[in-house]
Amino acid sequence: MLCADQNFDIAQVIRFFRSKPGELIIYYELEEGEKSSSRGIVEVCPDTHRITRFLEKPQEGLTESRLASVVFYCLQKNTLPYLSQFLTLQPQAKDRTFGQFWEWLINERQLHVFGMKLPTGFQLIGQVGLSDYTKWLTHYSAKQQENPAKPITCRSHARVGLMGNPSDGFNGKTIAMTISNFWAEVTLVQSQTLVLLPHPLNDPTEFGSLQDLFCISRKEGYLGGLRLLQATCMKFYQFCSKQGIALTKQNFTLKYDTNIPRQVGLAGSSAIVSATLKCLMKFYNITESDLPKPVRANFILNVETDELFITAGLQDRVVQVYEGLVYMDFSKHLMDERGHGEYVSIDMSCLPSFWLAYLSDPSDSGRIHSNVRQRWLNGETLVVEAMKTFAELTDQARTALQDRDWGRLALLMDQNFELRRSVYTEDCLGPGNLKMVELARQFDSAVKLPGSGGAVVGLCLDQTRLVEMRQAFQEAGCVFCVIVPYDPSASAVGGQVHRRSGWLQDRLDSFAAVAALLQLEEDSASDGESVLPAPSEEVPRSRKDSATDQQRLAPLRPYAGESGVCGPFMSRLEQEFGLYPEYLPTDRSRVDYVMTWCVGRAREFVDAVWELQGPVCNDYAVFSAMMKRQWDAPAPALDSGPPCRPGSPAPPDPRLPQSVPQSPSPLPAVRTARKQPLTPLQSMSLSESLPCGGRSTGALLATPRCSPVCVCVASPLTRIQQNQVD
């Protein structure tokens, strides 16, 4: 036997063998091209891991199992006499095989034999020689050098509870939806040792002063996201060991990022756990059959409740695993019989426009659960009947969603909140939540709490009042945004296109962004107001309510290239990406928006990067990493000069243009087009970065090498800006 990744952990196999009252067989899942008639096939009970039947090279159709023995067995001492008995019964040498021995021992003698799965492929099963092993080891070594492990990045989105919450923790029913506005992202990279990297903002270890430490600790608390990574890894190893899954001996480095607002009940903690679990499953090749979605939701809940003692229910974990719009039934008989509820995805087409608002300075959302659970456990009639009513409202809301009866849905959302108010009382809900609810009702909008507290979700059927309501929430010191639902079925296609070959999609999204911005400008101009900012030399403004945004979020100042400030500056802008995704829908528009907030040395640097029009301009993650590496860490020394000081710009590079414009763009998603042509060296760099090999600046439309309709030549945003300049 030769394990495909050469990281077979025999110590874990021995530990599992010693924990079971019987023998042990190692098996794996056949690959698509392998035939079950060439292997010993096992049928395994998923609950006890006991092998119920062994079939030595069965004929096609005899079993549906695709689990094959890898000729690796562990036998107890008192089982060895069965070998002699088997040999006595099989006088013919051709019948004396290990496969037939296990077939006889399991199927006829009914001995307890357990199975342990290795989530990897195998080669050289059977009679092979040393030369075969040497050849395959050489093959794997060369393959690993040619194709080093790539980073694994997974994302989980925030959720809003549309109906039934908080009855998910009380055997009730709920409907929830994942949203694209906010997300948590985890990246896993293979490494020599296991490393968990703290987040620079959520897990700070350095502070500017004692006052900074005080302010950050008072607002953010002492518990960041690093504990979530560690608890997930611990539970993952524990789960795999208990389930008979032998993980390979591989280490990794984990880091996370998130723009989900903290302590406002949008499932930020479970999003980090969910994204971490996705990375671990991909890294160790854990399949859907190994960890089904219902079990995965229970796993995430156990990480938070058992390890970190976080007050939580199943709703958040279920909707983040299934994604989209999900109906959930947590009835007691289902939970007792299955260990999980009934989860059904709901069609997301033609959903109405929901909105979300949350407090800029929320309290701990965990307090809102109060003593309701204990009252429910004590059988208090008010609480028990309320949870049943929550379930009934959820069933009615499911029907309203299917019938697209938005008026009925809005009425049910209001009833959901009033029922919650009667059970939890206004003192428990808190003045902040009640203030947001009353404010929304002034504009005839349905409203309820999407989670445990700190935020409200609403449905305003009169879209003409949505702008007024948004302004009212902002003046009240709240953050307001229109919800962008996250549909996994649409993202599986569209997201893949945008990430891997998104030139055409980027152009289409840019046209949509320009149309939205110009429409806003036209509508506001008719009212005598200006949404889009006027050109400014020093302080660019992204939208009319920029001053209000700075009050609701952290103050944002133009970035001039200061050392150690670039990371927080980028994170602050990323919060706006979540609040206004419709204005900045693509990586390219976000890169451009960041550039408009750069001044001084930082502006010179980003303008030079934009002039080259390389792939970095179309990949925000790469651009963000480049900015942080440039300004928050000492720059590497060039061959022609001394090392850079921390925070100082790199010495002049002849590959970059030295003369750059200083005025920011008058549009937040539009760069100023340069009139002068590119140098030959710049044109060569640009042509190498374009799929078609065309050469162009933002002011040009096409060259003889690239057709006028080529999508990779000139951004429509830049062309519009050029027309304005002309």
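Everything numeric here is computed off the predicted structure, so don't read it as measured data. Numbering of residues starts from 1 in each chain and follows the order in which that chain's sequence is written. Per-residue local features of the predicted model are confined to residues with pLDDT of at least 70, and side-chain atom pairs are confined, for both listing and counting, to 80 or more; whole-chain, interface and lining totals are unaffected and use all residues. Side-chain measures here rest on the full set of heavy atoms in the structure, leaving out hydrogens and waters.

A few words on the side chain of Asn416. By the criteria applied, helices consist of DSSP H or I runs no shorter than four residues and strands consist of E runs no shorter than two, each listed in order from the N terminus. In this structure, Asn416 sits in helix α13 (residues 406-429). A polar atom in the side chain of Asn416 sits 3.4 Å from the backbone oxygen of Asn165. Contact between two residues is taken to exist if any of their heavy atoms lie within 4.5 Å; hydrogens are not considered. Every residue in contact with Asn416, bar those within four places of it in the chain, is listed here: Met163, Gly164, Asn165, Phe390, Leu393 and Lys448. Under the rule applied, a polar contact is a pair of N or O atoms within 3.5 Å (in protein, one hydrogen donor and one hydrogen acceptor; residues adjacent in sequence only if both atoms are side-chain atoms).

With that settled, the discussion passes to the sheet that holds strand β15 (residues 446-448). Any two strands are treated as partners once DSSP identifies two or more bridges connecting them. Strand order in the open sheet formed by four strands is β15-β16-β14-β17, with antiparallel pairing between adjacent strands. Either end of the sheet is taken by a strand with one partner, and the two such strands are β15 and β17 (478-482). The average undirected angle you get between the axes of adjacent strands in this sheet is 20 degrees. With five bridges connecting them, strand β14 (residues 354-359) and β17 associate as antiparallel partners. Bridge assignment links Ala357 to a residue of β17, and that residue is Phe480. Note on geometry: axes are lines fitted to C-alpha atoms, helical ones only across the stretch in contact, with angles between N-to-C directions running from 0 to 180 degrees. Here helix α15 (residues 466-475) sits on the sheet and contacts β14, β16 (455-459) and β17; the angle it forms with β17, its principal contact strand, is near 155 degrees.

What follows is about the packing of aromatic side chains. Ring pairs are drawn from Phe, Tyr and Trp, using the six-membered ring of Trp, whenever the two centres fall within 6.5 Å, and their geometry is named by plane angle: stacked under 30 degrees, edge-to-face over 60, tilted for the rest. Inspection of the entire model under this criterion finds 25 aromatic pairs. The interplanar angle of 65 degrees and the centroid separation of 5.5 Å between the aromatic rings of Phe101 and Trp102 together place this pair among those described as edge-to-face. Grouping residues by exposure puts Phe101 and Trp102 together as buried. Both rings, one in Phe182 and one in Tyr358, keep their centres 6.2 Å apart while their planes meet at 80 degrees; by these two values the pair is edge-to-face. Residue Phe182 is located in strand β9 (residues 173-191), and its partner Tyr358 is located in strand β14; the two are separated by 176 residues in the primary sequence. Taken as a pair, Phe182 and Tyr358 share a single burial class, namely buried. Taken together through their ring pairs, the aromatic side chains of Tyr73, Tyr82, Phe86, Phe98, Phe101, Trp102 and Trp104 make up a single cluster. Only when the NZ of Lys or the CZ of Arg is both within 6 Å of the ring centre and within 35 degrees of the ring normal is a charge said to sit over the ring. The ring of Phe170 is capped by Arg373, whose NZ or CZ atom sits 4.9 Å from the centre of that ring. Over the face of the ring belonging to Tyr327 we find Arg398, whose NZ or CZ atom lies 4.2 Å from the ring centre. Throughout this description, buried means an accessible area under 20% of the type-specific maximum (1.4 Å probe, protein chains only), exposed means over 50%, and partly exposed covers the range between.

Tracing the sequence through the fold places Leu325 in strand β12 (residues 325-329). Taking the C-alpha atoms as reference, Leu325 lies 9.4 Å from Ile179; in sequence the two are 146 residues apart. The contact partners of Leu325, leaving out residues within four places of it in the chain, are Leu162, Ile175, Ala176, Met177, Val344, Ser345, Ile346, Asp347, Met348, Leu351 and Leu401.

A few words on unusual backbone geometry. The peptide bond linking Asn165 to Pro166 adopts the cis configuration, its omega dihedral lying at 15 degrees. Not every positive phi belongs to a glycine, and Cys350 is a case in point at roughly 65 degrees. The phi dihedral of Asp444 is positive, around 55 degrees, even though this residue is not glycine. For Asp444, the location among the structural elements is in the loop between α14 (431-441) and β15. Residue classification places Asp444 among the exposed residues on the basis of a relative accessible area of 62%.

For patches, a residue must show more than 30% relative accessible area and have no salt bridge; joins then use 9 Å for like charges and 5 Å for nonpolar side chains, namely Val, Leu, Ile, Met, Phe, Trp and Tyr. Methods summary: accessible areas were calculated by the Shrake-Rupley approach with a probe of 1.4 Å, and residue burial reflects only the protein chains presented. Think of a salt bridge as a Lys or Arg side-chain nitrogen and an Asp or Glu carboxyl oxygen that are within 4 Å of each other. A grouping of Phe207, Leu210, Leu213 and Ile216 is seen on the molecular surface, where their side chains present a nonpolar patch of about 350 Å² in accessible area. Summarising the element assignment, Leu210 is placed in helix α5 (residues 210-220). Leu210 gets classed as exposed once you look at its relative accessible area, which sits at 70%.

With that out of the way, let us pick up the environment of Leu229. Tracing the backbone shows Leu229 in helix α6 (residues 226-242). Contacts of Leu229, omitting those with residues within four sequence positions, involve Val186, Leu196, Leu197, Leu254, Tyr256, Ile272 and Thr276.

What follows is about the pattern of salt bridges. Per the stated rule, a full pass over the model turns up 24 salt bridges. With a closest N to O distance of 2.9 Å, Arg155 and Glu185 form a salt bridge. On the criterion of sequence distance, the pair formed by Arg155 in strand β8 (residues 152-163) and Glu185 in strand β9 is long-range, its members being 30 residues apart. In this structure Arg155 comes out as partly exposed when scored by relative accessible area, which is 31%. What emerges from the salt-bridge pattern is a single network uniting Asp414, Glu418, Arg421, Glu426, Glu438 and Arg441.

The side chains of a regular strand alternate, first on one face of the sheet and then on the other. Of all the five residues making up β12, five are buried; the element is thus mostly covered by neighbouring parts of the structure. Alternating residues of β12 divide into Leu325, Tyr327 and Asp329 and Val326 and Met328, and every residue in both groups is buried. Strand direction decides the pairing type here: β9 and β12, joined by five bridges, are antiparallel. When the sheet's bridge partners are listed, Lys173 is paired in β12 with Asp329.

The next subject is the nonpolar core. Ranked by internal contacts, the top residues of the largest apolar core, which has 115 residues, are Met177, Phe182, Phe236, Trp355, Leu409 and Phe473. Once residues within four sequence positions are removed from consideration, Phe473 is found in contact with Trp355, Ala357, Met436, Leu439, Ala440, Val456, Cys478 and Phe480. Residue types Ala, Val, Leu, Ile, Met, Phe, Trp, Tyr and Cys, when buried and joined through side-chain atoms within 4.5 Å, form a set referred to as a nonpolar core. Counting residues in hydrophobic clusters, the runner-up holds 26 residues, among them Met570, Phe577, Val616 and Met626.

With that settled, the discussion passes to helix α8 (residues 293-307). In this analysis, the expected span of each helix is defined as 1.5 Å times one less than the number of residues it contains. The terminal C-alpha atoms of α8 lie 21 Å apart, and with 15 residues this matches the ideal 21 Å at 1.5 Å per residue to within 8%. Taking the largest bend as the criterion, α8 deviates by roughly 25 degrees, centred on Leu301. Among the residues of α8, Pro294, Arg296, Ala297, Asn298, Phe299, Ile300, Leu301, Val303 and Glu304 are the ones counted as buried. Next to the buried residues of α8 lie α6, α7 (268-283), α9 (314-322) and β13 (342-346). Just downstream of α8 lies Phe309, where phi reads positive at about 55 degrees. Working definition for bend: take the seven residues up to and ending at a residue and the seven starting at it, fit an axis to each, and measure the angle between the axes.

Of the residues in the protein, 72% reach a pLDDT of 70 or more, and the chain-wide mean stands at 76. Counted against residues more than four places away or in other chains, residues 364-369, with its pLDDT under 50, gives 17 contacts. Here residues 524-551 scores under 50 on pLDDT; set against residues more than four positions off or in separate chains, the count is 50 contacts. Summary of the metric used: pLDDT quantifies the predictor's per-residue confidence within the range 0 to 100.

Attention now goes to the side chain of Thr63. Examined against the element boundaries, Thr63 turns out to sit in the loop between β4 (51-56) and β5 (67-74). With a relative accessible area of 15%, Thr63 lands in the buried category. A distance of 3.2 Å separates the side chain of Thr63 from the backbone nitrogen of Ser65, its partner in a polar contact. Beyond its immediate stretch of four places on either side in the chain, Thr63 contacts Ile41, Glu43, Arg53, Leu55 and Pro58.

Right, let's talk about the pairing of strand β6 (residues 113-117) for a bit. The buried fraction of β6 is high, at five of five residues. Of the strand pairs in this sheet, strand β2 (residues 23-29) and β6 are connected by five bridges, and their pairing is parallel. Directly across from Leu24, in β6, lies its bridge partner Phe114.

This part covers the packing of helix α2 (residues 81-89) against helix α3 (residues 98-108). How two helices sit against one another is set out by the angle between their axes and by the gap between those axes. In contact at an axis separation of 11 Å, α2 and α3 are set at 105 degrees when each is read in the N-to-C sense. Judged by the angle between their axes, α2 and α3 are roughly perpendicular. Of α3, the residues touching α2 (which contributes Tyr82, Leu83, Gln85, Phe86 and Leu89) are Gln100, Phe101, Trp104 and Leu105. Under the grouping applied here, Gly and all other residues not named as nonpolar or charged are polar, the nonpolar ones being Ala, Val, Leu, Ile, Met, Phe, Trp, Tyr, Cys and Pro and the charged ones Asp, Glu, Lys and Arg. Among the residues making up the contact of α2 with α3, the classes are represented as seven nonpolar, two polar and no charged. An angle below 35 degrees is read as roughly parallel, one above 145 as roughly antiparallel, one from 65 to 115 as roughly perpendicular, and any other as oblique.

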